[in-house]
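Now for the letters of each chain:
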Amino acid sequence: MQADRFRRRLSEAEILFRAGDAGQEAYVIESGAIEIYSDHGGEHRVLALLGADDILGEMALAGDQTRTASARAIAPTVLRVITHEYLSERLNQADPLLRHLLRITMARSRQSLQRALGNTAVAEQIADVGERELAFKRLRLEQDLQRALDAGEFLLHYQPILRLMDGSVAGFEALIRWNRGGQGLVPPMEFIGVAEHSGLIVPMGHWIIETACAGLVALQAACSSGAPLFMSINLSIRQFSDPDLFPCLQRALARHGLDPGRIKLEVTESLVMENLEAAQALLQDCKALGAQLAVDDFGTGYSSLSYLHKLPMDTLKLDRSFLRDISVNAASAKIVRAVGALAIDLGMDTVAEGVESAEHGRLLREIGITHAQGYHYSRPLTLEAALTYLGGRAAA
Ligand code: C2E
Ligand code: CA
Ligand code: CA
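Residues numbered from 1 in each chain as written. Chains lettered and ligands numbered in written order. Predicted model: local features only at pLDDT ≥ 70, side-chain atom pairs only at ≥ 80, totals over all residues. Heavy atoms only, no water.

Q: Give me the lowdown on the site of ligand 1, citing residues and values where you can.
A: Near ligand 1, the surroundings consist of 21 residues, among which Gln159, Arg177, Asp296, Glu356 and Tyr375 are the closest. Contact between ligand 1 and glutamine 159: a nitrogen atom at 3.0 Å from a side-chain N or O atom of the residue. With respect to ligand 1, the side chain of aspartate 296 contributes an N or O atom lying 3.0 Å from an oxygen atom. In isolation ligand 1 has 800 Å² of accessible area, and contact with the protein removes 86% of it. Using a 2 Å cut-off from the grid points, one finds that ligand 1 occupies the largest pocket. Mapped onto the shell around ligand 1, the elements with two or more residues apiece are strand S10 (169–179) and strand S14 (292–298). Among the elements that make up the shell around ligand 1, the one with the highest residue count is S10 (four residues). Here the residues of the shell around ligand 1 sort into nine nonpolar, five polar and seven charged. (Near = heavy atom within 4 Å. Polar contact = N/O pair within 3.5 Å; in protein donor to acceptor, adjacent residues only side chain to side chain. Areas by Shrake-Rupley, 256 points an atom, 1.4 Å probe, with all protein chains shown as cover. 1 Å grid on protein atoms, 1.4 Å probe; cavity = no way out; pocket = protein on both sides within 12 Å on 5 of 7 lines; lining within 4 Å. Sits in = over half its atoms within 2 Å of the grid points. Helix = DSSP H or I, 4+ residues; strand = E, 2+ residues; numbered from the N terminus. Nonpolar A, V, L, I, M, F, W, Y, C, P; charged D, E, K, R; others polar.)

Q: So what's going on with the packing of aromatic side chains? Which residues, and what values?
A: With the rule as written, the count across this model stands at five aromatic pairs. Ring geometry for phenylalanine 154 against tryptophan 178: centres 6.0 Å apart, planes inclined by 40 degrees, an arrangement best described as tilted. In this pair, phenylalanine 154 is assigned in strand S9 (residues 154–163) and tryptophan 178 in strand S10, connecting sequence segments 24 residues apart. Residues phenylalanine 154 and tryptophan 178 agree in their burial class; the two are buried. Seen from their ring centres, phenylalanine 154 and phenylalanine 191 are 5.8 Å apart, and the 40 degrees between their planes marks the pair as tilted. With phenylalanine 154 in strand S9 and phenylalanine 191 in the loop between strand S11 (185–186) and helix H4 (192–198), the pair connects residues that are 37 residues apart, well separated along the chain. Judged by relative accessible area, phenylalanine 191 falls into the buried class, the value being 0%. Feature note: the residues Phe154, Trp178, Phe191 and Trp207 constitute an aromatic cluster, connected by ring pairs. (Phe/Tyr/Trp six-rings, centres within 6.5 Å; stacked < 30°, edge-to-face > 60°. Buried < 20%, exposed > 50% of the residue type's maximum accessible area, 1.4 Å probe, protein only.)

Q: Please set out the layout of surface pockets residue by residue, giving values where relevant.
A: One way to see where empty space is left: roll a probe the size of a water molecule over the atoms. Counted as a void, the largest pocket has a volume near 1100 Å³. The wall of the largest pocket is formed by 36 residues, among which Glu173, Leu175, Pro188, Met189 and Asn234 lie closest to the centre. At the level of secondary structure, the elements contributing two or more residues to the lining of the largest pocket comprise S9, S10, H4, helix H5 (201–221), strand S13 (263–268) and S14. Sort the elements by how many residues they give to the lining of the largest pocket and S10 lands first, with five residues. For the lining of the largest pocket, the per-class residue count stands at 16 nonpolar, nine polar and eleven charged. Its boundaries defined by the atoms lining it, the second largest pocket holds a volume of some 290 Å³. Around the second largest pocket, the lining is made up of 17 residues, and of these Ile36, Gly57, Met59, Thr68 and Leu113 lie nearest the centre. Sorting the residues of the lining of the second largest pocket by element identifies strand S5 (45–50), strand S6 (55–56) and helix H2 (96–116) as the ones contributing at least two each. Here the lining of the second largest pocket takes three residues from S5, the largest share from any one element. Broken down by class, the residue content of the lining of the second largest pocket amounts to eleven nonpolar, three polar and three charged. (Points joined across faces, edges and corners; volume = space filled by probe spheres on them.)

So, in structure tokens, the structure goes:
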């Protein structure tokens, strides 16, 4: 019977395991009683008596370990089995630092147990070196990120987004950078994940909104045509459960005297799909305020347009992987054309991301994509360089 794989029944005096056995499982006692003992040097020593809900054998799960003591039932006993496989799977999903601490703690308690039993403690390799390095690297990164926020080491770069129709600048996307210890810029891919995991993305997100709004005011002042620019701001998953995100946006808009319609919040489609309810609530509030919404990285996730009508999205941003082979592959070009046409039907504009050549820009315009962003037009720029960029265009 399948269910029995996770349950063991022992009769009175039956031995569960002996010291030195390879330990592949831990147990929770459902009913009955277990004695943990050692027969070291021929002397029977009872180390513990365990009853219902007690756990045993857990130390063998820390690695490929052997049992440090023996266990036997002292009454008819039912055990629930926790397999090594099950636990490793859980452990692998856990935070690397927690995993490392758990392994160390387990190894240390094994060592003290062995000493208490009079065994010569074998110098054990208490944790995998790679694992330890990963855990510490992660810890350092988290602590450095926390410090960086207080030390003002973050900055935003701004990448122009152009109208394909006439090449004019429609707005900018704010992209975070970290000047780590003043030693050079760290790209977001190396720290956004950790900032999310540690929750730091929440205060960081507030800083991003405030700074991007201030940036927009400065950029607008440098835009000689006077046409209103927008500012795209990226949101990540953790920010959907931040109750202060919306008030923070309202405050920043008010402080900088900005119309909410000038802010465009970018969310990836997988983020929205996996958190539809939380996403819907926040996005609808932002939309009701008047802000614009964009689906980021379209083409990398579900690429399903079916959820779009559930959310009031204004813009579809086509991921650069989607566009990579449009100039060589006629089918890709057709797909982009169809997606662009559908987006327009749904009342959305489309931004092609990662446009690196004039050829791509021309093709995208031909197939009806409305906006483009990419190195061909401009890399992400410091605020100062973005102001110069706008000034230079006005002069040209
Ligand atoms: P994303 O939102 O898709 O941002 C576009 C990325 O593509 C940026 O990378 C940009 O520098 C890069 N890019 C732009 N044009 C080109 C091009 O022509 N060719 C190529 N190869 N790349 C181009 P970046 O700045 O490294 O950002 C990476 C990701 O980090 C962003 O992807 C976004 O998911 C995340 N991110 C950046 N800033 C923020 C932020 O303020 N908040 C949050 N939550 N995430 C952010
Ligand atoms: Ca984006
Ligand atoms: Ca993107």
